[in-house]
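In case you want the letters, here they are:
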Amino acid sequence: MKIMSNINIVAIQEGAVIPDNIVNKYHLTFADVDKNANFERISSFCGVVRRGTSILVSFPKHYINLDEFNQLPNSDKLKHIRLILKTIVSYELNPAYSSFRKKDDLNTSFSFSSFFNIYNYFQKYGLYMKKRGNIKKGYSGKISWKDTIHKSQKVISNGNLVFFPFFVRQHISDEDFITNCMVFAINYTEEIFGDLLDLPDNSAIAVRGVERLLRENKEAVIFKLGIMRREIFKDIDKKLLDDLINFFRGINDNPNNVRDIKHYHFNNVWEKAVENYLNNHFVKIEDNKLIFGIPEKVNRFSFKKLVLKNYNNVSGHKNDTLQPDHYYYDESKKAQYIFDSKYYNNIYGLNHKQFVYHMILSNRAQKTYDALIMPNEGQTFTEVYLDLATEYLPEKIKEVKILLTHLRTQDVLKDFTET
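To start, this report covers the structure provided alongside it. Computed from a predicted structure; not experimentally measured.

Tallying each qualifying case throughout the model produces 17 salt bridges. A salt bridge links Lys 79 to Asp 76, with the shortest nitrogen-to-oxygen separation between them at 3.7 Å. Residue Lys 79 and its partner Asp 76 are both found in helix 3 (residues 74-93); the two are separated by 3 residues, about one turn of the helix. When the shortest N-O distance is used, the salt bridge between Asp 325 and Lys 305 registers 3.2 Å. Remark: Lys 305 occurs in the loop between strand 14 (289-292) and strand 15 (326-330) and Asp 325 occurs in the loop between strand 14 and strand 15; sequence separation between them is 20 residues.

Set out below in structure tokens:
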């Protein structure tokens, strides 16, 4: 892990106002910036923008108090940046979220999936080597009987036919263009992102550096790899070539572009990170509070998105759906948990959707627990969000209560990247 020296780290927060000088200095695009109700420009992404020795990080909503962050040394600031980027990369590479992701979620020219595939090949098989056979005289190795019979002298000894000498087959591994491309991909990634991402160890090949000719002639590299792919027969090696081609397509002569990592729909990341945290740490609800810890495996909850269909008999709306983010039904207690992630800065007024969830699902269980879950830069706490007055309660329903849990964002993201 490299520690950058003499760098300037500027922090903003998604949804918060961005000064004009920051927009201009870091060349933020139309997609990077939105406007609030006062027509002020605000950040609409999470991630990192790099310009020379300056880094702009846009944190998720309620990740950290920016005044607190600005007082930290650069080494600690980089730890927070690494967590954000590791969260984004983990989400983007996890096949479980493939149907959940959108094409415009991530803005970077760099192919992280190709890099990790290349590294996994390196870790499992080593560097790609082109093997060729070599036949030579000797007694060590696998005997080539065809060559021995045709080329050796035949001697009769004690009534037995003896061949002298033996010809043995040796396999020699030659480095080739593909090998050099693998070395480039691994070392180049370390050079570009080693200070901002926790990357796999490249120490075994670090001394070979980053070959300048490959960097400066990426189109020729891609063309040659495409030609070589036609001559390869093993599927695993073809996949390696595909990943190398995609990797070189993602590098750019302009370092301003290749180093930027911006995510435009972090609300989706937050939802999946919360689901992961609930399944790992939610214990129970007690005294109107969500209790978190490390539950015994037998008591673990299994929250997942619930898709409600056929709740509307109106023609033209029968295919409408409602989808609470995190739902769990406890058969033993006849209790249901209806939780919904809210990637908001603040919640104003009644969240009507959550109220509708509660009412529509109320007949499913004897007891309904209902909560909204928001990110929070401080410690986790829960407050009562709605406790419906008795005169408004429907017949046979004793209570409609919705809690609001402010979940510590850093805890959620750390758990997401470690499990």
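The next thing to look at is the sheet that holds strand 1 (residues 8-13). The strand order 1-5-4-12-6 describes an open sheet built from 5 strands, whose pairing is mixed. Looking at which strands have only one partner, the edges of the open sheet turn out to be strand 1 and strand 6 (106-107). Here 2 bridges tie strand 6 to strand 12 (residues 261-263), and the two strands are oriented antiparallel to one another. Residue pairing across strands places Asn 107 opposite Lys 262, the latter belonging to strand 12.

Time to look at the environment of Phe 100. Locating Phe 100 in the fold gives a position in the loop between helix 3 and strand 6. Once residues within four sequence positions are removed from consideration, Phe 100 is found in contact with Tyr 91, Asn 268, Glu 271, Lys 272 and Lys 305.

Turning our eyes to something else, we now look at the pairing of strand 19 (residues 401-408). With 8 of 8 residues buried, strand 19 is to be regarded as a mostly interior element. For strand 17 (residues 367-376) and strand 19, the ladder comprises 6 bridges, and the chain directions are parallel. In the sheet register, Met 374 faces strand 19, and the bridge partner there is His 406. Pairing geometry for strand 18 (residues 381-387) and strand 19, over 6 bridges, is antiparallel. Looking at strand 19, one finds that Glu 383 is bridged to Leu 404.

Conventions adopted
- Per chain, residues are indexed from 1 in the order of the written sequence.
- Restriction of local features to residues with pLDDT of at least 70 applies here, the model being predicted, together with a cutoff of 80 or more for giving and counting side-chain atom pairs; totals for whole chains, interfaces and linings are based on all residues.
- In computing side-chain values, all of the structure's heavy atoms are included and hydrogens and water are not.
- We define a salt bridge as a contact between a side-chain nitrogen of Lys or Arg and a carboxyl oxygen of Asp or Glu at a distance within 4 Å.
- Only DSSP runs of H or I with at least four residues qualify as helices, and only runs of E with at least two residues qualify as strands; both kinds are numbered from the N terminus onward.
- At least two DSSP bridges between two strands are required for those strands to pair.
- By definition, residues are in contact when any of their heavy atoms lie within 4.5 Å.
- Burial here depends on accessible area, computed with a 1.4 Å probe over protein chains only, as a share of the maximum for the residue type. Under 20% is buried, over 50% is exposed, and the range in between is partly exposed.

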